[in-house]
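Chains, contacts and geometry: an overview
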Amino acid sequence: MKVSLNWVKQYVDLPEDLTPAQIAYDMTLRTVEVESTENTGDKFHDIIAARVLEVKDHPNADALKVCIVDIGEEKPVQIVCGGSNLYAGENVVVCKPGAEVYWHGLSELVKIKETKMRGEYSYGMICGATEVYLEDLFPAEDDHIIVDLGDIPCVPGQNIADVLGLNDTIIEIDNKSLTNRPDLWGHYGIARELAGIYGCELKPLPGYTIPEGTPVYDVEIQEPSKCRRFTATEIENLYVKDSPLWMKVLLIHGGMRPINAIVDITNYVMMAVGQPSHAYDHTHVDGRKIVVRNAHKDEKLLLLDQNAIDLTEDDLVICDAESAMNLAGIKGGVKDSVLPDTTGIILEVANFTAQTVRKTGARFNEKTDASIRYEKNLDTQRVDQGIAMCLQLFKEFYPECRIAAFADNYPVKTEQEHIDVTQEFLDVRLGKALSRETIEKTLTGVGYEVDYEDGTYHVTVPVWRSTGDVSIKDDVLGDLARLLSFESFEEQPLTIKFENSVIQREVQLERRLREYLAYRCGFNEIFTYPWVDEKYIAAAKVDTAKSVRLATPPSEELGILRSSLIPGMLESVVKNLRYFSSFRMFEAAQVFEKGVYHESTEEETLPVHRKCLTGCIVDKDAKKIFYEMKGVLEQMASYCHMENMTMEQREQPVWADRNAWLNLVVEDRTVGSFGLVSVSTMNDAKIRRTNMAVFEIDVNGLKPFASRTNEFKHLPLYPLVEKDLSVIVDEMTAWKDIHDAVASKVKSLQFIDEYRGNQVPEGKKSVTLRVWIGNDDSTMTSEQIDKKMEVILKTLHKRVGAELRAE
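Residues numbered from 1 in each chain as written. Predicted model: local features only at pLDDT ≥ 70, side-chain atom pairs only at ≥ 80, totals over all residues. Heavy atoms only, no water.

Quick look at the environment of glutamine 381
Defined as follows: Every helix listed is a DSSP run of H or I at least four residues long, and every strand listed is a run of E at least two residues long, numbered separately from the N terminus. For this analysis, residues touch if any pair of their heavy atoms sits within 4.5 Å.
One can find glutamine 381 in the loop between helix H8 (369–374) and helix H9 (382–397). Separated by 34 residues in the primary sequence, glutamine 381 and glutamate 415 have C-alpha atoms spaced 9.6 Å apart. When near neighbours in sequence (up to four residues on either side) are disregarded, glutamine 381 contacts Arg229, Tyr410, Lys413, Thr414 and Val463.

Structural data, given as structure tokens:
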């Protein structure tokens, strides 16, 4: 937001020695973030007012004129100019040598020099508006029209910034720092804040009185939950004309373009007090009635910018007796426009709820200066400030105007907040004991009412801060701290005594999982948005019955919050396959489902959400990536210090290949799955000519160890014997069954490979395993080795029907 310091000074007399830089510094530390300050007069150096004394034809160019110009120096100067509206006696804008201008539409500034133009000497330049930053003040039909100052008082040689009142300081404020401060979206609010900071007196705004006997204009509010107040003032005896120069300059410095006096008054008031208003041509309001209602089904509205929109039944519109005229709080329609022949208006000054304006604006991608302010939740009493200032300006600009009718439909009033704050609370939280006088002076300086009784301040919050900004005692404390400046508080040592450490095992586990996958397993961590393209949800075959839908999604296809990380991983794989043929990725993030979850208080209601972990390996060799993923998950427990995950087939994931999948189980609870992604899922996601192994784990189901459970074990004192066994088992026998059968009878056990071929009967497979056996007290003899291997074979035969494979 742009703030004109000259405008602010209309409402508060700041200390004379206060510099713009100091104001910007103090505002940043105490109120809002100032991004920059600009002295608007600096760019007008060497640009002056001048008077044309004589205009002659150029001897060598029909399109140029040779002008003799009074620039306020001892002698007139000669300037060659191509202006189409030059005449003797004209007051013009001249750039002297050294001035910087935009030369005939060039994007870069050009420094003016004395020169010759087609053989004739030219001292400087007689300027058009676009060349010297004046296009908004003096709009021209084409570039050949030079600025004619007309009756504006000026003296040749006077700097043009002084002539036009352009010497000002513009303070640029970061809009994000104003989001929770609807009272600061106008110059009067900024003036109030500076008055509180510097202990100055804020000047009061004018009031208004509607003459007795004024007819009542017909205003009906059908949606008081969306429109809390609507005033309509019919003003007659108006006509379209230019605003005075001072108003044009202030509007430009505030970031707006002057249009005409009627429209400029409404914009000026919005920039002054932060209250939007709107003017309707009173002859365009059919039936002399205004209705505030929801739009009808299939109703359309043509906006001022010729954008035709299809309204929904949730959109609030301002209507006459026949049809919609205005998108409430956002933008006017063509029907209600102020036209060159307008002779009277209906002045709307109203209050619409923030949610209403925000939703409709987002639906139609409309953002205006008015909607930005309404979205901050304005107080209803500010309407009075808007009416008073509008009526004062109309009377000033149009002395002959009169109020023909008036209505104030006021169903909902903004109530002031009342908060009790104790002296003890302030002393402890601020770390500094403030006197009662300091507290009362600081708070009343920005509009609070304060009563003190028995160590407690009974605080009445000003209505312009009672719209959600200040609602608890901590907010009052925050105002005290910032207005007094955080620099005024000395550092205080922490009074907390740490007696024992807080161990967050779940947080530590999540970090270990990330580090394990990234450092040890070579995965790249990715971060995706919580909303997912619906085509990838469909590809992953995820049921959306329990999914959470966004009321205002970023785009039509991104309306569902993820209930699984698999669809997002599919999308990431599609994007990365454009650059890599094989890679590994993982993501740890929350997934969401329908339901009610209270994060901290009952008032804070969120969807049900839980933390999940997913990862993928992409490569053309399906068997390779399946076993690599299996190895990653098998080693995860030992490296991440958590309960071991067993693998078994319980319930097939919807996205997985019908054979190559396993569930991950902790303490008989399924916490995740992994497997190869099915061909149909990859086809639907447009993943081709590769394979993909994926896992997804519910991190909340993992069990971190209470401490590191590593146990010290001696290296074997006697050498272990390593033996390989190849056994024939049924095709459906799982490695887990073989492992469980002999694990207790050996020191260590490892899967080597499996084989199917000519030497293996149909329906069978050959599994090769490697075992390590040994004695704790001696080296094994050959007899002991043979006996041990015989026991292992008998056990395998008994448990899984294994037979030793013949060579």
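So, next bit.
As for helix H11 (residues 436–444)
Selection criterion: Using a 1.4 Å probe on the protein chains alone, a residue whose accessible area is under 20% of its type maximum counts as buried, one over 50% counts as exposed, and one in between counts as partly exposed. Taking the helix axis as origin, the arc is that swept by the directions to the C-beta atoms.
Where H11 is concerned, the buried positions are Ile439, Thr442 and Leu443. Each buried residue of H11 sits inside an arc of 90° when the element is viewed along its axis, so together they form one side. Summarising the geometry of H11, the exposed residues directed more than 90 degrees from the buried face are Glu437 and Lys441. Looking at the buried residues of H11, the elements they touch are helix H10 (423–430), strand E25 (449–453), strand E26 (456–460) and helix H12 (473–484).

A closer look at the sheet that holds strand E4 (residues 61–70)
For clarity, the cut-off: For two strands to count as paired, DSSP must find a minimum of two bridges between them.
The strand order across the open sheet formed by five strands is E5-E4-E3-E6-E11, and the pairing between neighbours is antiparallel. This sheet does not close on itself; its edge strands, each paired only once, are strand E5 (77–81) and strand E11 (125–126). Sheet topology note: the strand E6 (residues 91–95)/E11 ladder contains two bridges and is antiparallel. Residue pairing for E11: cysteine 95 is matched across the bridge by methionine 125.

Notes on the side chain of histidine 187
With respect to the element layout, histidine 187 can be found in helix H4 (residues 187–198). When sequence neighbours within four positions are dropped, the list of residues in contact with histidine 187 reads Lys2, Val3, Ser4, Trp7, Val8, Tyr11, Met271 and Ala272.

A short note on the nonpolar core
To keep it simple, the criterion reads: Among the buried residues, those of types Ala, Val, Leu, Ile, Met, Phe, Trp, Tyr and Cys that are joined through side-chain atoms within 4.5 Å form a nonpolar core.
Counting 81 residues, the largest nonpolar core has Met27, Ile173, Ile190, Tyr268, Phe394, Leu426 and Tyr448 as its most contacted members. Ranked by residue count, the leading element in this core is helix H6 (residues 261–273), at nine residues. Setting aside anything within four residues of it in sequence, one finds isoleucine 173 in contact with Met1, Val3, Met27, Val32, Glu33, Val34, Glu35, Leu178 and Ile190. Membership of the second largest hydrophobic core comes to 34 residues, among which are Val219, Ala350, Phe352 and Phe364.

Quick notes on the sheet that holds strand E16 (residues 289–294)
Judged by pairing direction, the sheet is mixed, and its five strands sit side by side in the order E13-E16-E19-E20-E21 without closing on themselves. Only two strands of the sheet have a single partner each, and these edge strands are strand E13 (218–221) and strand E21 (331–332). Pairing of E16 with strand E19 (residues 316–319), which is carried by four bridges, proceeds in the antiparallel orientation. Considered in E19, the bridge of arginine 293 is made with valine 317.

Digging into unusual backbone geometry
At asparagine 365, a position not held by glycine, the phi torsion is positive, near 55°. Here the phi dihedral of lysine 686 falls at roughly 65°; this positive angle occurs in a residue that is not glycine. Note on placement: lysine 686 falls in the loop between helix H17 (679–684) and strand E35 (691–698).

Description of H4
What counts is decided by this rule: One fewer than the residue count of a helix, multiplied by 1.5 Å, yields its expected span.
Under the 1.5 Å per step criterion, the end-to-end length of H4 is 16 Å for twelve residues, consistent within 8% with the ideal 16 Å. Among the residues of H4, His187, Tyr188, Gly189, Ile190, Ala191, Arg192, Glu193, Leu194, Ala195, Gly196 and Ile197 are the ones counted as buried. Turning to H4, the residues buried within the fold contact strand E1 (2–4), helix H1 (5–8), helix H2 (20–30), strand E12 (169–173), H6 and H12. One or two positions beyond H4, positive phi appears at glycine 199, with a value near 70°.

So, the packing of H10 against H12
To be explicit about the condition: For helices, the fitted line uses only the C-alpha atoms of the stretch in contact; every axis is such a line through C-alpha atoms, and the angle between N-to-C directions lies from 0 to 180 degrees. An angle below 35 degrees is read as roughly parallel, one above 145 as roughly antiparallel, one from 65 to 115 as roughly perpendicular, and any other as oblique. Each crossing gets its hand from how the near helix is turned against the far one by less than a right angle, where anticlockwise is left-handed and clockwise is right-handed. We call Asp, Glu, Lys and Arg charged. Ala, Val, Leu, Ile, Met, Phe, Trp, Tyr, Cys and Pro are nonpolar, and the rest, Gly among them, are polar.
H12 packs onto H10 with a crossing angle of 60° between their chain directions and a minimal axis gap of 11 Å. Considering their axes alone, H10 and H12 lie oblique with respect to each other. Crossing of H10 against H12: the hand is right-handed. Residue-level inspection shows Phe425, Leu426, Arg429 and Leu430 of H10 in contact with H12, the latter providing Lys473, Asp474, Leu477, Leu480 and Ala481. Here the contact of H10 with H12 is composed, by residue class, of six nonpolar, no polar and three charged.

Things to note about the pattern of salt bridges
Worth spelling out the cut-off: Salt bridge, as used here: a side-chain nitrogen of Lys or Arg that lies within 4 Å of a carboxyl oxygen of Asp or Glu.
Summed over the entire model, instances satisfying the criterion amount to 54 salt bridges. Linking aspartate 174 and lysine 176 is a salt bridge whose minimum nitrogen-to-oxygen distance equals 3.4 Å. Residue classification places lysine 176 among the exposed residues on the basis of a relative accessible area of 65%. For the salt bridge of aspartate 183 with arginine 181, the shortest nitrogen-to-oxygen distance reads 2.8 Å. Accessibility expressed as a relative area gives 4% for aspartate 183, which makes it buried. Ionic contacts of the salt-bridge type, sharing partners, join the residues Arg181, Asp183, Glu193, Arg465, Asp469, Asp479 and Arg482 into one network.

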